[in-house]
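# Architecture and fold: a report
Below are the chains, spelled out letter by letter.
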Amino acid sequence: MAFMNRYKKLGWNTFIIALGSMGSKFMIFLLVPFYTFYLSPAEYGKADILMMTVSILIPIVTLSIADGVFRYTMEKVSKKQVFSSACAILLLAGVILLALTPILQAIPMVQDYYWIFFMLLLVQLWNTLFQQQVRANGKLILYSVSGLLMSGILLIANIIFLKYFHMGVAGYLYANLLAFTFNTVCLFFGAKLYKLFSFRAINKPLLKKMLFYSLPLIPNAILWWIMQVSDRYILTFFLGVAANGLYTVAAKIPSLLSMISSIFFQAWSISAIGDKVKQNDAFFARVFTLFSCLFFVATESIMMIVQPFSRVLFSSAYQDVWSYVPFLLIAVLLSSFSSFLEVSYMVEKKTKQLLFTSLKGGVVNVALALVLIPFIGILGASIATLLGFLVTWLLRMKQTKFFGQLEYKKTFWMSMGLLLAQSIYMSVVASPNWWIQGMFALGLFISQGAVVKQLFATIRLKKSVGGERKAW
């Protein structure tokens, strides 16, 4: 059946991407305890700020052209013209960055590590482009294998630079540079991307179309980044780099959830754009139901183990970070729901509308962080992040008119309420009671289990009668 093929295609793409992404992303999570033993909170905070700065500069410096590459390659436009036109942007960006070096070197935050920071930025610019091109070309096995190999190099490099050479922040940065360089080279030669580049293939009209699509994604990426990491800069300003180091470790725990979301988003965008799936399609609503069930259960599971997990794996300086995690978990949950809906904007090429939802969420996040952090410290950053993502998600739900298509509404909102109540409980009680925790978990697992059972019964019924009707 055609509709079952869509589920199978989405499942296969998710599995292949997960093989590679789970390696690199899960490795980053596993390295957190290692970092807490070999980096002080101040050092970890400094290293994290530098890496986050690289992340936010990528869409600015490249004009988010990699997103344009993915979208237009999926439309069966000439791969050579798409890739070559994007490369022209990156080559120009590299020249401009080099020319601005005397000015950039004077920035206090990066001046001690400027050249490694510069190299990291340059390598990640090309890595982002190559990843999007390889993904759009359908070479998902190469994408995954290179990710797995990258995770191994990241592990070995961190052990050498931090444990044996005691290089601190510099060692952390060198390990990442080595891993990203390998991944970039592997993608370039493995996918034979050099065959796609030609100066003659640069197409100005096509480039204009790609930029028209990608430029609104720059402020969207910045605002998304603001909601994810602006709190760290505000924490550093009010409470110092040590407080940011603690918050960074706390934020790494929900990164398990972010990792799953990122993997699914990559597979979902391939399916949705390739098949031109719209939000009024029953397939769209049904996939969101499965997605939300998975994330509700995953969020609850992490919430249950976060306290003992922190005390066993982290050094003494970091053992109380668990109390900041519950609100961050819900923030990641809402961020994931927002990302799911983002695909519908990409399908319709309505990236400008996407920008406004992120703008309002970003303003709420920063404003609340500035108000709450001076009074309640690190917990204020967690709450601000949650509310910023909540605003963004609600706006996207309204803009896409998805409230009406949401399946099993009562169960959905009940599960959200249970998680929020549990987060408040864990954040205000010094030693949460396991029985109370268990009651929260039992209520959520039973409700989501009922949804999954009913959903699969519906899918089996659809399979037997054939076809997929439009959602109401």
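Residues numbered from 1 in each chain as written. Predicted model: local features only at pLDDT ≥ 70, side-chain atom pairs only at ≥ 80, totals over all residues. Heavy atoms only, no water.

This part covers the overall build of the protein chain. Tallying secondary structure elements over the protein chain gives 18 helices and 0 strands in all. In terms of overall size, the protein chain behaves like a compact globule, its C-alpha atoms giving a radius of gyration of 22 Å where 472 residues would be expected to give roughly 23 Å. Taken over the C-alpha atoms alone, the protein chain extends approximately 60 × 55 × 40 Å along its principal axes. Counting all 472 residues of the protein chain, 56% fall into the buried class. Long-range pairs, those at least 24 residues apart, make up 85% of the contacts in the protein chain between residues at least 6 apart in sequence. (Helix = DSSP H or I, 4+ residues; strand = E, 2+ residues; numbered from the N terminus. Rg over C-alpha atoms; globule rule 2.2 N^0.38 Å. Buried < 20%, exposed > 50% of the residue type's maximum accessible area, 1.4 Å probe, protein only. Contact = heavy atoms within 4.5 Å.)

Our focus in this paragraph is helix 13 (residues 282–313). Compared with the 46 Å implied by 1.5 Å per residue over 32 residues, the 43 Å span of helix 13 between its first and last C-alpha is a close match. For helix 13, the principal kink sits at V306 and spans about 50°; a proline, P308, occurs within the next four residues. (Expected span 1.5 Å × (residues − 1). Bend = angle between axes of the 7 residues up to and from the residue.)

In this structure, K192 takes a positive phi of about 55° despite not being glycine. Residue K192 is classed as partly exposed on the basis of its relative accessible area of 43%. Positive phi values are uncommon outside glycine, yet K401 reaches one of about 55°.

Moving on, we get to the state of the cysteines. Within the structure shown, the criterion is met by 0 disulfides. The structure places no disulfide on C87, whose sulfur is separated from the nearest cysteine sulfur, that of C186, by 17 Å. (Disulfide = S-S within 2.5 Å.)

Turning to the pattern of salt bridges, a few remarks are in order. In total, this model carries 2 salt bridges according to the counting rule given. Between R286 and E407 there is a salt bridge, with its nearest N and O atoms 3.2 Å apart. Of this pair, R286 sits in helix 13 while E407 sits in the loop between helix 16 (378–399) and helix 17 (409–428), and the two are 121 residues apart along the sequence. The burial state of R286 is the same as that of E407; both residues are buried. Here R396 makes a salt bridge to E342, at a shortest N to O gap of 3.5 Å. With a gap of 54 residues between them, R396 in helix 16 and E342 in helix 14 (residues 325–348) connect regions that are remote in the sequence. (Salt bridge = Lys/Arg side-chain N within 4 Å of Asp/Glu carboxyl O.)

This paragraph deals with the nonpolar core. If you look at the biggest cluster of nonpolar residues, it comprises 142 residues, and the most contacted ones within it are W268, F337 and F340. Among the elements that line this core, the one with the most residues is helix 14, at 16 residues. The residues touching F340, leaving out its near neighbours within four places in the chain, are F264, W268, F284, V287, F288 and F291. (Core = buried A, V, L, I, M, F, W, Y, C linked by side-chain atoms within 4.5 Å.)

Attention now moves to the packing of aromatic side chains. Within the structure shown, the criterion is met by 42 aromatic pairs. When the ring of F264 is compared with that of F340, the centres are 6.2 Å apart and the planes differ by 10°; the resulting orientation is stacked. Taken as a pair, F264 in helix 12 (residues 255–274) and F340 in helix 14 lie far apart in primary sequence, 76 residues in all. Judged by centre distance (5.2 Å) and plane angle (65°), the rings of F288 and F340 are edge-to-face. Taken together, the residues F288 in helix 13 and F340 in helix 14 connect sequence positions 52 residues apart. (Phe/Tyr/Trp six-rings, centres within 6.5 Å; stacked < 30°, edge-to-face > 60°.)

Between the first and last C-alpha of helix 2 (residues 41–62) there are 32 Å, a value that for 22 residues agrees with the 32 Å anticipated at 1.5 Å per step. The largest bend along helix 2 measures about 25° and falls at I56, with the proline P59 one to four residues further on. Most of helix 2 sits inside the fold, with 16 of its 22 residues counted as buried. Just downstream of helix 2, L63 is the residue with a positive phi angle, here 60°.

Further remarks concern the side chain of T357. Positionally, T357 belongs in helix 15 (residues 351–376). Of the residues examined, T357 reaches a relative accessible area of 2% and is grouped as buried. Polar contacts involving the side chain of T357 include one to the side chain of R396, which spans 2.9 Å. (Polar contact = N/O pair within 3.5 Å; in protein donor to acceptor, adjacent residues only side chain to side chain.)

Glancing now at the side chain of Q422. By the element assignment, Q422 lies in helix 17. Engagement of the side chain of Q422 in a polar contact is seen with the side chain of E300, the distance being 3.1 Å. Excluding anything up to four places from it in sequence, Q422 contacts E300, M303, M304, Q437 and F440.

For the rest of this paragraph, the subject is the packing of helix 3 (residues 65–73) against helix 4 (residues 79–99). Remark: helix 3 packs on helix 4, axes separated minimally by 10 Å, with the N-to-C direction vectors making an angle of 175°. When the interaxial angle is binned, helix 3 and helix 4 end up roughly antiparallel. In this structure, helix 3 contributes I65, V69, Y72 and T73 to the contact, and helix 4 contributes K79, V82, A86, I89 and L90. Its residues assigned to classes, the contact of helix 3 with helix 4 shows 7 nonpolar, 1 polar and 1 charged. (Axes fitted to C-alpha atoms, helices over the stretch in contact; angles between N-to-C directions. Parallel < 35°, antiparallel > 145°, perpendicular 65-115°, else oblique. Nonpolar A, V, L, I, M, F, W, Y, C, P; charged D, E, K, R; others polar.)

Taken together, the side chains of L155, I156, I160, Y164 and F165 define a hydrophobic patch exposed on the protein surface, amounting to about 500 Å² of accessible area. Note on placement: Y164 falls in helix 7 (residues 140–164). You can call Y164 exposed: its relative accessible area is 54%. (Patch = residues over 30% accessible without salt bridge, like charges linked within 9 Å, V, L, I, M, F, W, Y side chains within 5 Å. Areas by Shrake-Rupley, 256 points an atom, 1.4 Å probe, with all protein chains shown as cover.)

At a minimum axis distance of 8 Å, the contact between helix 7 and helix 8 (residues 168–190) shows a crossing angle of 155°. Here helix 8 runs roughly antiparallel to helix 7, going by the angle between their axes. By crossing handedness, the relation of helix 7 to helix 8 is classed as right-handed. Considered class by class, the residues forming the contact of helix 7 with helix 8 number 18 nonpolar, 8 polar and no charged. (Left-handed = near helix turned anticlockwise from the far one by under 90°.)

This part covers the environment of S40. Relative to the elements of secondary structure, S40 occurs in the loop between helix 1 (2–38) and helix 2. Separated by 29 residues in the primary sequence, S40 and G11 have C-alpha atoms spaced 41 Å apart.

What is shown is where atoms sit, not what they do.
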